[in-house]
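Commentary on secondary and tertiary structure
Now for the letters of each chain:
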Amino acid sequence: MNLETILNNTEFTKEELVYLLSLEGQDMQRLLDRALEVKLRELGNGVYLRGLIEFSNSCKKDCLYCGVRCSNKNIPRYTLTDQEVFDCAELAMEMQLGSLAIQSGERSDRVFADKIEYLVSEISRRYNNKLGITLSCGEQSEDVYRRWFNAGAHRYLLRIESSNTELYYKIHPRNQEHSYDVRINGIETLKKVGYQTGSGVMIGLPFQSLEILADDLLFFKNTDLAMVGMGPFIPHDETPLYEYKNELLSDEMRMNLTLKMISCLRLLMPRINMVAATACQTIDKQGREKAILAGANIMMPNLTPLKYRENYLIYPNKQNVKDRPIDAKNSLHLKMEAINHEIKYNEWGDSKAFFDK
Ligand code: 5AD
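Attention in this report is confined to the structure presented alongside it. Owing to the predicted nature of the structure, the values given are computational and were not obtained by experimental measurement.

Calculation notes
Residues numbered from 1 in each chain as written. Predicted model: local features only at pLDDT ≥ 70, side-chain atom pairs only at ≥ 80, totals over all residues. Heavy atoms only, no water. Helix = DSSP H or I, 4+ residues; strand = E, 2+ residues; numbered from the N terminus. Rg over C-alpha atoms; globule rule 2.2 N^0.38 Å. Contact = heavy atoms within 4.5 Å. Areas by Shrake-Rupley, 256 points an atom, 1.4 Å probe, with all protein chains shown as cover. Lys, Arg positive; Asp, Glu negative; His and termini not counted. Charge placed at Lys NZ, Arg CZ, Asp CG, Glu CD. Expected span 1.5 Å × (residues − 1). Buried < 20%, exposed > 50% of the residue type's maximum accessible area, 1.4 Å probe, protein only. Phe/Tyr/Trp six-rings, centres within 6.5 Å; stacked < 30°, edge-to-face > 60°. Salt bridge = Lys/Arg side-chain N within 4 Å of Asp/Glu carboxyl O. Near = heavy atom within 4 Å. Polar contact = N/O pair within 3.5 Å; in protein donor to acceptor, adjacent residues only side chain to side chain. Nonpolar A, V, L, I, M, F, W, Y, C, P; charged D, E, K, R; others polar.

**Remarks on the overall build of the chain**
- Helix and strand content of the chain: 15 helices and 11 strands.
- Computed over its C-alpha atoms, the radius of gyration of the chain comes to 19 Å, within 12% of the 21 Å expected for a compact globule of 357 residues.
- Viewed in the frame of its principal axes, the chain has a C-alpha envelope of about 55 × 40 × 40 Å.
- Sequence-distant contacts, at least 24 apart, represent 76% of the contacts inside the chain between residues at least 6 apart.
- Carbon and sulfur atoms make up 48% of the accessible area of the chain, which amounts to about 14800 Å² in all.
- For the chain, the separation between the mean place of its 45 positive charges and that of its 49 negative charges on side chains is 3 Å.

**Side note on helix α9 (residues 210-223)**
- Helix length check: α9 (14 residues) gives 20 Å between terminal C-alpha atoms against 20 Å at 1.5 Å per residue, within 8%.
- Here α9 has its buried residues at I212, L213, A214, D216, L217, L218, F219, F220 and T223.
- Considering only its buried residues, α9 is in contact with α2 (14-21), α7 (165-171), α8 (180-193), β7 (202-203), β8 (227-232) and α10 (251-268).
- Where α9 ends, the next residue or the one after it, D224, has phi of about 55 degrees, a positive value.

**Some points on the packing of aromatic side chains**
- According to the stated counting rule, one finds 13 aromatic pairs in the structure shown.
- Seen from their ring centres, F112 and W148 are 6.1 Å apart, and the 75 degrees between their planes marks the pair as edge-to-face. Here F112, found in helix α5 (residues 110-126), pairs with W148, found in helix α6 (residues 142-151); they are 36 residues apart in sequence, far enough to count as distant.
- On the accessibility criterion, F112 (1% relative accessible area) is buried.

**Brief notes about the pattern of salt bridges**
- For the structure on display, the rule yields 29 salt bridges.
- Across the pair R30 and E4 runs a salt bridge whose closest N-O atoms are separated by 2.9 Å. Placement of the pair is R30 in helix α3 (residues 25-43) and E4 in helix α1 (residues 3-7), with a sequence separation of 26 residues.
- A relative accessible area of 29% means that R30 is categorised as partly exposed.

**Re the site of the ligand**
- Surrounding the ligand, one finds Y65, C66, R159, E161, M202, P232, F233, I234, I314 and Y315.
- Taking E161, its side chain carries an N or O atom lying 2.5 Å from an oxygen atom of the ligand.
- The separation between a nitrogen atom of the ligand and a polar main-chain atom of I234 is 2.8 Å.
- Contact with the protein chains covers 87% of the free accessible surface of the ligand, which is 400 Å².
- Its residues assigned to classes, the shell around the ligand comprises 8 nonpolar, no polar and 2 charged.

**Considering unusual backbone geometry**
- Even without glycine at this site, Q96 takes up a positive phi of about 60 degrees.
- Along the chain, the position of Q96 falls in the loop between α4 (82-94) and β3 (99-104).
- Using a relative accessible area of 36% as the deciding quantity, one classes Q96 as partly exposed.
- With a phi angle near 60 degrees, N129 is a residue other than glycine that sits in the positive phi range.
- Here N129 shows up in the loop between α5 and β4 (132-136).
- Note on N129: relative accessible area 44%, which makes it partly exposed.

This is the structure we're talking about:
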């Protein structure tokens, strides 16, 4: 295969993607540089922010990789008060972040649905829709997705975690509560309701091959997503997948594989929004900057009140447990400037791909 020829394509076969994902050294850098070029051409050097609110770590799911899985009895469960959520929104306004992302452990009871609906509608009302609202609150019924959409949320993230059914069931319990089909259908329902819909996968999971990752990329493309979030898998010692810790690729290799995935997807889907995931920063101090230079264009500074953060450790060593939001924002600003990128304040930063249709 000829690297330069492939890099100039706009369509890619699975074999070509596997080849790109296997690149190392200077060839890998060529892929990353090409993806940056495509991003700058299609979207410019703007980076959009979503202030992250980790609303609750109560979760009915038992995902085999996640530190807040319901079987982990070693963490106290919390849910923010309404006032704490409004304080986060106020902070997002003061910091001119432009958008909020409300993320939560998964619940499907009525109280939860009502609560999110209330919070979204109240934030929309208070700030006159100045803050864009992304939700990442798990699998819900079509009715609930619709109520939240009507309340003012317009983007929704539901990571598929792996598009490969077999791998999906190696990292989730095989039961009704963790159904691959329900998750896939969820993505379709979200699109139908009208959300800018995002998904994503973890990279460097045990049992994951380059072929599976290439299929993930083609899955994102075929699903016509507006947004994608991909980050390295980080083993958590209170989870079943920790057992495979010694069989994983090294941190550096998982980071590089994440960068190659971001770059390949930027070539495949030039105008989608892609996040520089916080997990990147956990395994590499410069991880998020590297992700931006590989084609990502979104960052999520954490607004969660500090006292709750250590109870939302979906993976260990999360970097921002002690960062005050305002310090995090100022340091992001400088970091982006240093790599010739510009944070776009006070803008929703919607997915361009979504509006191309
Ligand atoms: N390592 C990396 N990412 C993780 N996530 C959950 N657990 C881990 C982990 N151990 C990701 C999943 C989930 C998102 C909220 O965090 O992709 O969808």
